[in-house]
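These are the residues of each chain, in order.
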Amino acid sequence: FPVTIQPSAYETEVSKFKAVKSAVRMNTLSRSANPSQEQELDRLYMNANSINPSEPTNGALFYELGNYDANRAYWLERALKAKPNDASILELWCANAAVTGDSISLRNRLNALDSLGFFPKNIRCYGKDMLASTPLDAVLVSHGRWDTFGLLFEQLQYKNSSIINASLEFMQSPQYRILLQKKGLI
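For clarity, every value in this text was computed on a predicted model and none was experimentally measured.

Colleague: Before we move on, could you go through the pattern of salt bridges and cite the residues and values that matter?
Modeller: This model, assessed by the stated rule, comprises seven salt bridges. Note that Glu40 and Arg43 form a salt bridge whose closest N and O atoms lie 2.8 Å from each other. In this pair, Glu40 and Arg43 are both assigned in helix H2 (residues 35–51), three residues apart and thus about one turn of the helix distant. Residue class for Arg43 comes out partly exposed when judged on its relative accessible area of 40%.

Here it is in structure tokens:
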């Protein structure tokens, strides 16, 4: 008989949190959670944190709950130190590097995701195609986290900074909006 391993209560709460957050990111009308989704995310985070307060993943959840607010990066960094090869934590660290304009950290973490096999090749191809079809000195609007990563990966690889990538996903971050303003976008 095959053995079925039941997820722990903590893993169940984290899974529920990620499902709600994913539903928010997939909303075509808004990149931000509505008030009831915010309440649900808060509740799921608090549940997970109360079950296992010392779990490093809590730092990543806290960061994600803050919608890319770089002021929460300390907790994300602690999670990354504890779990340096965790794809979901690396992905959030890439997002934090993107919203703060830290191209060195972004390049290192995207390469880490790639070397661990977590950076889909089709996303990189998509990024390359998008950049190739965009005129210089243009603004390219991306929708989600991964299509933004594909574009940024290619820009970092080929040192192409004349195209500004404006990610709708990252617009939730106050630091990202300031970064785009410094690049001349209002």
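Colleague: Could you give me a rundown of the layout of surface pockets, with the residues and numbers involved?
Modeller: Of the pockets and cavities examined, the largest pocket occupies roughly 390 Å³. Around the largest pocket, the lining comprises 22 residues; the ones closest to its centre are Ser103, Leu152, Gln155, Leu156 and Lys183. Where the lining of the largest pocket is concerned, the elements lending two or more residues are helix H5 (87–100), helix H6 (103–115), helix H8 (145–158), strand S2 (164–167) and helix H9 (174–182). When residues in the lining of the largest pocket are grouped by element, the largest group, four residues, is from H8. Looking at the lining of the largest pocket residue by residue, the class counts come to 11 nonpolar, seven polar and four charged. Of the pockets and cavities examined, the second largest pocket occupies roughly 290 Å³.

Colleague: I'd like a rundown of the pairing of S2, residues and numbers included.
Modeller: What you see with S2 is no split at all: Ile164 and Ala166 on one side and Asn165 and Ser167 on the other are buried throughout. In the sheet, strand S1 (residues 139–142) pairs with S2 via four bridges, with the strands oriented parallel. Opposite Val139, over in S2, you have Ile164 as the bridge partner.

Colleague: Let's hear about the packing of aromatic side chains: which residues, and what values?
Modeller: Going through the model one piece at a time under the given rule, you end up with 10 aromatic pairs. Taking the centre distance of 5.0 Å and the plane angle of 80° together, the rings of Tyr74 and Trp75 count as edge-to-face. Arranged with centres 6.2 Å apart and planes meeting at 45°, the rings of Phe149 and Phe170 form a pair that is tilted. Linking Phe149 in helix H8 with Phe170 in the loop between S2 and H9, this pair joins segments that are 21 residues apart in sequence. Each member of the pair, Phe149 together with Phe170, is buried. These aromatic residues form a ring-pair network of at least three members: Tyr63, Tyr68, Phe119, Trp146, Phe149, Phe153, Phe170 and Tyr176. The ring of Phe62 has Arg72 sitting right over it, with the charged end atom 3.9 Å from the ring centre.

Colleague: Which residues make up the packing of helix H1 (residues 9–25) against H2, and what values do they have?
Modeller: One can describe the packing of H1 onto H2 by two numbers: an axis separation of 9 Å at closest approach and a directional angle of 160°. Taken together, the axes of H1 and H2 are roughly antiparallel relative to one another. For the pair H1 and H2, the sense of crossing is left-handed. The segment H1 lies against H2, with Ala9, Tyr10, Glu13, Val14, Lys16, Phe17, Val20, Lys21 and Val24 engaging Gln37, Glu40, Leu41, Leu44, Tyr45, Asn47, Ala48 and Ile51.

Colleague: So, the packing of H5 against H6: which residues are in play, and what are the values?
Modeller: Direction vectors running N to C along H5 and H6 enclose 155°, while the axes themselves pass 9 Å from each other. Compared by their axis directions, H5 and H6 come out roughly antiparallel. The hand of the H5/H6 crossing is left-handed. Along its contact with H5, which presents Ala87, Leu90, Glu91, Trp93, Cys94, Ala97 and Ala98, the element H6 presents Ser105, Leu106, Arg109, Leu110, Ala112 and Leu113.

Colleague: Quick rundown of a nonpolar patch on the surface? Include the residues and the values.
Modeller: Side chains of Val139, Val141 and Leu168 sit close together on the surface and give an oily, nonpolar patch of about 240 Å² of accessible area. Inspection of the secondary structure assignment puts Val139 in strand S1. Classification of Val139 by relative accessible area gives partly exposed; the value is 41%.

How each quantity is defined
- Residues numbered from 1 in each chain as written.
- Predicted model: local features only at pLDDT ≥ 70, side-chain atom pairs only at ≥ 80, totals over all residues.
- Heavy atoms only, no water.
- Salt bridge = Lys/Arg side-chain N within 4 Å of Asp/Glu carboxyl O.
- Helix = DSSP H or I, 4+ residues; strand = E, 2+ residues; numbered from the N terminus.
- Buried < 20%, exposed > 50% of the residue type's maximum accessible area, 1.4 Å probe, protein only.
- 1 Å grid on protein atoms, 1.4 Å probe; cavity = no way out; pocket = protein on both sides within 12 Å on 5 of 7 lines; lining within 4 Å.
- Points joined across faces, edges and corners; volume = space filled by probe spheres on them.
- Nonpolar A, V, L, I, M, F, W, Y, C, P; charged D, E, K, R; others polar.
- Pairing = 2+ DSSP bridges.
- Phe/Tyr/Trp six-rings, centres within 6.5 Å; stacked < 30°, edge-to-face > 60°.
- Lys NZ or Arg CZ within 6 Å of the ring centre and 35° of its normal.
- Axes fitted to C-alpha atoms, helices over the stretch in contact; angles between N-to-C directions.
- Parallel < 35°, antiparallel > 145°, perpendicular 65-115°, else oblique.
- Left-handed = near helix turned anticlockwise from the far one by under 90°.
- Contact = heavy atoms within 4.5 Å.
- Patch = residues over 30% accessible without salt bridge, like charges linked within 9 Å, V, L, I, M, F, W, Y side chains within 5 Å.
- Areas by Shrake-Rupley, 256 points an atom, 1.4 Å probe, with all protein chains shown as cover.

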